[in-house]
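# Architecture at a glance
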Amino acid sequence: MASFPFELVSPERLVVSEEADEVTVPGIEGEFTVLAGHAPFITVLRPGIVTARSGSNARRYYVRGGFAEVNPTGLTILADLALPVEELNDARFATEIAAAEHAISLAHDDESRAKAQQQLAWIKDLQALVVPHHVHASH
Amino acid sequence: MASLKDLRNRIASVKATQKITKAMQMVAAAKLRRAQMAAEAARPYAERMDRVLANLAAGLANSPDAPLLLRGTGRDQKHLLIVATAERGLAGAFNSSISRLAREHANRLIAEGKDVTILPVGRKGAEILRRTFASRLESAVDLREVKQIGFSNAQSIAESVIARFEAGEFDVATLFFSRFRSVISQVPTAQQIIPAQIPVEATEGPAVPYEFEPDENEILADLLPRNVAIQIFRALLENAASEQGARMSAMDNATRNAGDMIKKLTMNYNRTRQAQITKELIEIISGAEAL
């Protein structure tokens, strides 16, 4: 399978820079999978899990805020926060949820409030999805 | 002439000062390394952000439905100066040179009849600017408790700045900080962040025809506030590195000066001591001769 360069960057550091065969990205209008040779494309992200596969190897990262850019040279994800799924835990989700709730309280019109609430809902869905799995995995 | 005891005391006190400046220099050197690494690590994001923005904005910059953050309010009357300095002093001319640049800029704008508001980030700049611009100064953003500047710090500053822009409180925002060149060179810099200045892309030929999800305008509306936060984040990181660099060279100078002073005082001390011994000998000899 053809591979392509994949970069995951947060403002604080370059999280990953590697060759991947396929990467699944949580776009704002739904998940999509990028393969080599994908058409140039920019989308905003929703909070979610990015999965990068190369061969039989799969790595997963939590991303929140930001956007993904596919261009002929590869896939670049710029996220406000990006970390390996292994580092996700209840404490992390608690701060994420607190931040999302804070954003709702700051919203000054219906549209931005709806957006902020949607963010919170996504994060909560994700927590339900990820954390039990974690508890299970640690036993 | 100072007595021997006075000289001894002075030497001891200068030595104590030298120990402190030496320690501060070494602490600054260690912190500088960390700050430089943080600034370096933040670079990839900013670079890619610039590239995407340049791609996106090229077609939209002059269209009337481009977001306000990109094309501005069309006015140039109310200015916000964001002045980022350190929380601590003893860093050579670091704080004062940023403040001076901001002051000159503010004076020029005021002379042109514009409205100027100053938002200091960091206590030191606020203290310096209060003397001239007390009525235009807002309460400083306090980063004293922050050990390592994170993106969230920059983001919260950006959020409040953008909220005020949307409320129509200013037309143009300029950010003042010190760019880190090397340990001995930090350059005070003014950078306009609102309306956004889009870097001119001189690379790889025509822009790629992207598809957008959702549409172009909505992506720009998401990107531009993020870009403000990134610019502030970058400035804070550059500032952190500059501050440590400035402090390191200032403390290096201070240590060297203290060394010179100790040398001089010791020479003085030895001379005075020798003079006293000679005097005592003369007294003894002339006493013996008199017998």
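How each quantity is defined
Residues numbered from 1 in each chain as written. Chains lettered and ligands numbered in written order. Predicted model: local features only at pLDDT ≥ 70, side-chain atom pairs only at ≥ 80, totals over all residues. Heavy atoms only, no water. Domains from an automatic or database assignment. Pairing = 2+ DSSP bridges. Helix = DSSP H or I, 4+ residues; strand = E, 2+ residues; numbered from the N terminus. Axes fitted to C-alpha atoms, helices over the stretch in contact; angles between N-to-C directions. pLDDT = per-residue confidence, 0-100. Left-handed = near helix turned anticlockwise from the far one by under 90°. Contact = heavy atoms within 4.5 Å. Nonpolar A, V, L, I, M, F, W, Y, C, P; charged D, E, K, R; others polar. Buried < 20%, exposed > 50% of the residue type's maximum accessible area, 1.4 Å probe, protein only. Right-handed = clockwise from strand over helix to strand, strands pointing away. Buried area = accessible area lost by both parts, 1.4 Å probe. Salt bridge = Lys/Arg side-chain N within 4 Å of Asp/Glu carboxyl O. Polar contact = N/O pair within 3.5 Å; in protein donor to acceptor, adjacent residues only side chain to side chain. Patch = residues over 30% accessible without salt bridge, like charges linked within 9 Å, V, L, I, M, F, W, Y side chains within 5 Å. Areas by Shrake-Rupley, 256 points an atom, 1.4 Å probe, with all protein chains shown as cover. Phe/Tyr/Trp six-rings, centres within 6.5 Å; stacked < 30°, edge-to-face > 60°.

Right, let's get into the domain arrangement of chain B. On domain assignment, one finds that chain B holds domain 1 (4–20 + 252–290) and domain 2 (31–202 + 212–247). Inter-centroid distance (C-alpha atoms) of domain 1 of chain B to domain 2 of chain B is 53 Å.

A few words on the sheet that holds strand β4 (residues 185–194) of chain B. All names here are of chain B. Taken in spatial order, the four strands of this open sheet run β2-β1-β3-β4, and their pairing is mixed. Both edges of this open sheet fall to β2 (115–121) and β4, since each of them pairs with a single strand only. Ignoring which end each strand starts from, the neighbouring axes of this sheet average 25° apart. Relative to β2, strand β1 (residues 78–84) runs parallel, the two being bridged by seven bridges. Paired with His79 across the two strands is Val116, which belongs to β2.

Attention now moves to the confidence of the model for chain B. When pLDDT is averaged across chain B, the result is 87; 93% of the residues are at 70 or more. Prediction confidence for the complex, expressed as pTM and ipTM, is 0.82 and 0.76 respectively.

Bringing the packing of helix α3 (residues 94–111) of chain B against helix α4 (residues 123–133) of chain B into the picture now. Residues and elements named next belong to chain B. The N-to-C vectors of α3 and α4 enclose an angle of 35°; their axes lie 10 Å apart at closest approach. Seen along the crossing, α3 lies across α4 with a hand that is right-handed. Facing Asn95, Ser96, Ser99, Arg103, Ala106, Asn107 and Ile110 of α3, the residues of α4 in contact are Lys124, Gly125, Ile128, Leu129, Thr132 and Phe133. Counted by class, the contact of α3 with α4 contains five nonpolar, six polar and two charged residues.

Residue and element names in this part refer to chain B. Counting buried residues along β1, six of its seven residues qualify, which places the element largely inside the surrounding structure. Of the crossover connections in this fold, the one passing from β1 over α3 to the parallel β2 is right-handed. The sheet contact formed by β1 and strand β3 (residues 172–182) spans five bridges and is parallel. Pairing of His79 across the sheet is with Val172, part of β3.

Attention shifts here to the domain arrangement of chain A. All names here are of chain A. Under the domain assignment, chain A is made up of domain 1 (4–86) and domain 2 (88–130). Each of domain 1 and domain 2 was reduced to a C-alpha centroid, and the two centroids are 21 Å apart. The partner domain 2 presents eight residues to the 12 residues of domain 1 that form the contact. Both faces combined, the contact of domain 1 with domain 2 buries some 980 Å², and carbon together with sulfur accounts for 65% of it. Joining domain 1 to domain 2, the criterion identifies one salt bridge. Across the pair Arg64 and Glu96 runs a salt bridge whose closest N-O atoms are separated by 2.8 Å. Taken together, the links from domain 1 to domain 2 amount to two residue pairs in polar contact (both at pLDDT 80 or more). Elements with a contribution of two residues or more to the side of domain 1 that touches domain 2: β6 (48–54), β7 (57–71) and β8 (74–84). Among the elements that take part in the side of domain 1 that touches domain 2, β8 stands out by supplying three residues, more than any other. Broken down by class, the residue content of the side of domain 1 that touches domain 2 amounts to eight nonpolar, one polar and three charged.

Okay, a nonpolar patch on the surface next. Residues and elements named next belong to chain B. A grouping of Ile277, Leu281, Ile284 and Ile285 is seen on the molecular surface, where their side chains present a nonpolar patch of about 370 Å² in accessible area. With respect to the element layout, Ile285 can be found in helix α6 (residues 216–290). In this structure Ile285 comes out as partly exposed when scored by relative accessible area, which is 47%.

On to the packing of aromatic side chains. Residues and elements named next belong to chain A. Evaluated as defined, the whole model comprises four aromatic pairs over all chains. Between Tyr62 and Phe93, the ring centres sit 6.2 Å apart and the planes meet at 55°, which makes this aromatic pair tilted. Note that Tyr62 is positioned in strand β7 and Phe93 in helix α1 (residues 90–106), a separation of 31 residues in sequence.

Here the focus is α4 of chain B. Among all positions of α4 of chain B, only Gly125, Ala126, Ile128, Leu129 and Phe133 of chain B are buried. Against the buried residues of α4 of chain B lie β1, α3 and β2 of chain B.

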